[in-house]
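# Per-entry structural report
Here are the chains, one letter per residue:
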Amino acid sequence: APQTLPVGLGERGYDILVGTGLLARAGALLAPVLPTRRVAIISDSDVAPLHLPALREGLREAGFAILAEHLVPPGEKTKCFAATQAALETILGAGADRRTSVIALGGGVVGDLAGFVAAIALRGLPFVQVPTTLLAQVDSSVGGKTGINLSLGKNLVGAFHQPRMVLADTGVLGTLPPRELRAGWAEVAKHGLISGDAFWEWCERMGPAAVAGDPAALAHAVLESCRLKSAVVAADEREESEEGGRALLNLGHTFGHALEAEAGYGGGLLHGEAVAVGLGLAAALSARLGHCAQELPGRVIAHLQSVGLPARIGDLDRPFSATLLLQRMRKDKKARDGALRFVLLKGPGGCFTAGDVPAEQVERLLRDE
Ligand code: NAD
Ligand code: ZN
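Computed from a prediction, not measured in an experiment: that's the story for all the values here.

### Points about the pairing of strand β5 (residues 101-106)
Among the six residues that make up β5, six are buried, leaving the element largely enclosed by the rest of the structure. Burial of β5 is two-sided: the residues Ser101, Ile103 and Leu105 facing one way and the residues Val102, Ala104 and Gly106 facing the other way are all buried. Taken together, the five bridges between strand β3 (residues 38-44) and β5 define a ladder with parallel strand orientation. Paired with alanine 40 across the strands is valine 102, a residue of β5. For the segment spanning β5, helix α4 (residues 108-120) and strand β6 (residues 127-131), crossover handedness is right-handed.

Shown next, in the form of structure tokens:
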């Protein structure tokens, strides 16, 4: 039986189900929470051949009608207006009405796009997330943010739209390229650090087994990550707090976004890899500023490296200029009037936002690393 995590988000709240074999039982699991047994599925052309047949069968077995199966090209470029319009035209052209549900089967790209489509089609259709990457299971499918990119920047257009259910089938992670699985672990480690000693120490102990594919370890990582993220989001659903709440989920991301931008999107550095280095740097900065124990950065770095992630700039296969990274961080949407904002650590379970970190300190850290 899947493990069930009730989430108090959206108008009615919903459940995140974590386990294996969920796609094959999707119809029975979804029927009680959807208005009708009519659905449209959005997936990408890499995921669909691997996992759409099981989902299709699981739905048909429970008497569901699949009005449309809309496949998009894999990759970040798919989060655009043209792909949004194409999906809307397929779904509405197939006869979807306001009681038809949209199911996202895929990673964060498909989840963000399909969620946005569900949010705006006929001013809002019921939505279901079936995340198929570790990143999507532990991060992007939780919290209700949906959206697409502009050439001006990522995720600049979107809507909050909570799903009726999330089916996190850890069995589907078996087909994920190992590098993608490891990249997703960076967000798990981030959640461990935000959560506190219990989950963080579990990550240190079980991370290597999880990224090697141990099903029980993966299920625990997904469940505890969703527990942490949904609790943080429930206290600040619309990201209204600048310092607490959802902002704390940016741990490691000020550095991470700068590294990603410098590498160039699609430039060989996955988001999770950039975040892993960002976590190492955030811990190192916290120690330098005297906020946490001096051994914390070493622990964070050792853990990330133990799962095969880079954790310091020196672990990356190219150099990064401290000056250019600093410039990127000054432009980060979280920076204010040139003052650098970071989520820092007092220790596992002790995150806070610091809005006044001196640029010289950060630059020195980047040069030393
Ligand atoms: P992704 O969706 O691009 O998936 C990565 C790759 O793995 C793709 O090529 C995909 O086809 C493939 N894939 C997916 N599942 C597979 C499987 N089971 N087997 C084999 N291949 C599989 O990337 P991602 O890392 O899942 O998501 C990244 C996106 O998530 C970004 O666009 C980011 O902005 C978004 N995001 C959103 C939120 C949010 O709160 N909404 C949070 C974090 C990230
Ligand atoms: Zn992230």
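### Observations regarding the UniProt feature "domain: 3-dehydroquinate synthase N-terminal" (unreviewed entry) in the protein chain
Under the present numbering, the feature "domain: 3-dehydroquinate synthase N-terminal" (unreviewed entry) in UniProt falls on residues 71-182. Helix makes up 34% of residues 71-182 and strand 29%, and the two end C-alpha atoms of the span are 26 Å apart.

### Digging into unusual backbone geometry
Backbone geometry places asparagine 155, a non-glycine residue, at a positive phi of 55°. Examined against the element boundaries, asparagine 155 turns out to sit in strand β8 (residues 153-160).

### Considering the nonpolar core
Membership of the largest hydrophobic core comes to 115 residues, with the highest contact counts inside it found for Ile42, Val102, Leu113, Val117, Trp185, Leu279 and Ala282. Each of domain 1 (3-175) and domain 2 (178-368) gives at least three residues to this core. In contact with leucine 113, other than residues within four places in its own chain, are Ile42, Val72, Thr78, Lys79, Ala83, Thr84, Ala87 and Ile148.

### Let's talk about the environment of glycine 267
Secondary-structure assignment places glycine 267 in the loop between α9 (253-263) and α10 (271-288). Overall, glycine 267 belongs to the exposed group, with 10 C-beta atoms counted inside 10 Å. Each C-alpha atom of the pair glycine 267 and isoleucine 103 lies 30 Å from the other, and the pair is 164 residues apart in sequence.

### Let's talk about the domain arrangement of the protein chain
For the protein chain, the assigned domains read domain 1 (3-175) and domain 2 (178-368). Relative to domain 2, the C-alpha centre of domain 1 lies at a distance of 27 Å. Opposite the 24 residues of domain 1 that make contact, domain 2 presents 26 residues. Of all elements in the fold, only β1 (3-7), β2 (14-19) and α5 (134-140) reach the threshold of two or more residues within the side of domain 1 that touches domain 2. At five residues, the largest contribution of residues to the side of domain 1 that touches domain 2 is made by α5. Considering only residue class, the side of domain 1 that touches domain 2 consists of 12 nonpolar, 10 polar and two charged.

### A short note on the site of ligand 1
Inspection of the region around ligand 1 gives 28 residues, with Pro74, Gly107, Gly108, Thr133 and Ser140 positioned closest. When residues of the shell around ligand 1 are traced back to their parent elements, those giving at least two are α2 (47-61), α4, α5 and β8. Looking at the shell around ligand 1 residue by residue, the class counts come to nine nonpolar, 10 polar and nine charged.

### Concerning the sheet that holds β1
Spatial ordering of the open sheet is given by β1-β2-β9-β6-β5-β3-β4, a layout of seven strands whose pairing is mixed. Looking at strand neighbours, the two that pair on one side only are β1 and β4 (65-72), the edges of this open sheet. Within this sheet the neighbouring strands show an average axis-to-axis angle of 15°, counted without direction. By the bridge criterion, five bridges tie β2 to strand β9 (residues 165-169) in an arrangement that is parallel. Bridging from a neighbouring strand, aspartate 15 pairs with methionine 165 of β9. Across the sheet, α2 touches β3, β4, β5 and β6, and the angle it forms with β3 is around 165°.

### Notes on the pairing of strand β7 (residues 145-150)
Within β7, five of the six residues are buried, which leaves it mostly tucked inside the rest of the structure. Direction of pairing for β7 relative to β8: antiparallel, over a ladder of five bridges. Counted as the bridge partner of isoleucine 148 is valine 157 from β8. From the end of β7 to the start of β8, which pair antiparallel, there are two residues.

### Focus on helix α11 (residues 296-306)
Looking only at α11, the buried set comprises Pro297, Val300, Ile301, His303 and Leu304. Down the axis of α11, the buried side of the element spans an arc of 160°, and every buried residue falls inside it. Close packing links the buried residues of α11 with α6 (178-195), α7 (197-211) and α10.

### Quick word on the environment of leucine 113
Inspection of the secondary structure puts leucine 113 in helix α4. Taking the number of C-beta atoms within 10 Å as the measure of exposure, leucine 113 has 26 and is therefore buried.

Parameters and conventions
- Residues numbered from 1 in each chain as written.
- Chains lettered and ligands numbered in written order.
- Predicted model: local features only at pLDDT ≥ 70, side-chain atom pairs only at ≥ 80, totals over all residues.
- Buried ≥ 20, exposed ≤ 12 C-beta atoms within 10 Å, placed from the backbone.
- Helix = DSSP H or I, 4+ residues; strand = E, 2+ residues; numbered from the N terminus.
- Pairing = 2+ DSSP bridges.
- Right-handed = clockwise from strand over helix to strand, strands pointing away.
- UniProt positions renumbered as here; feature names shortened; annotations may be inferred.
- Core = buried A, V, L, I, M, F, W, Y, C linked by C-beta atoms within 7 Å.
- Domains from an automatic or database assignment.
- Contact = placed C-beta atoms within 7 Å.
- Nonpolar A, V, L, I, M, F, W, Y, C, P; charged D, E, K, R; others polar.
- Near = placed C-beta within 6 Å.
- Axes fitted to C-alpha atoms, helices over the stretch in contact; angles between N-to-C directions.
- Arc of directions from axis to C-beta.

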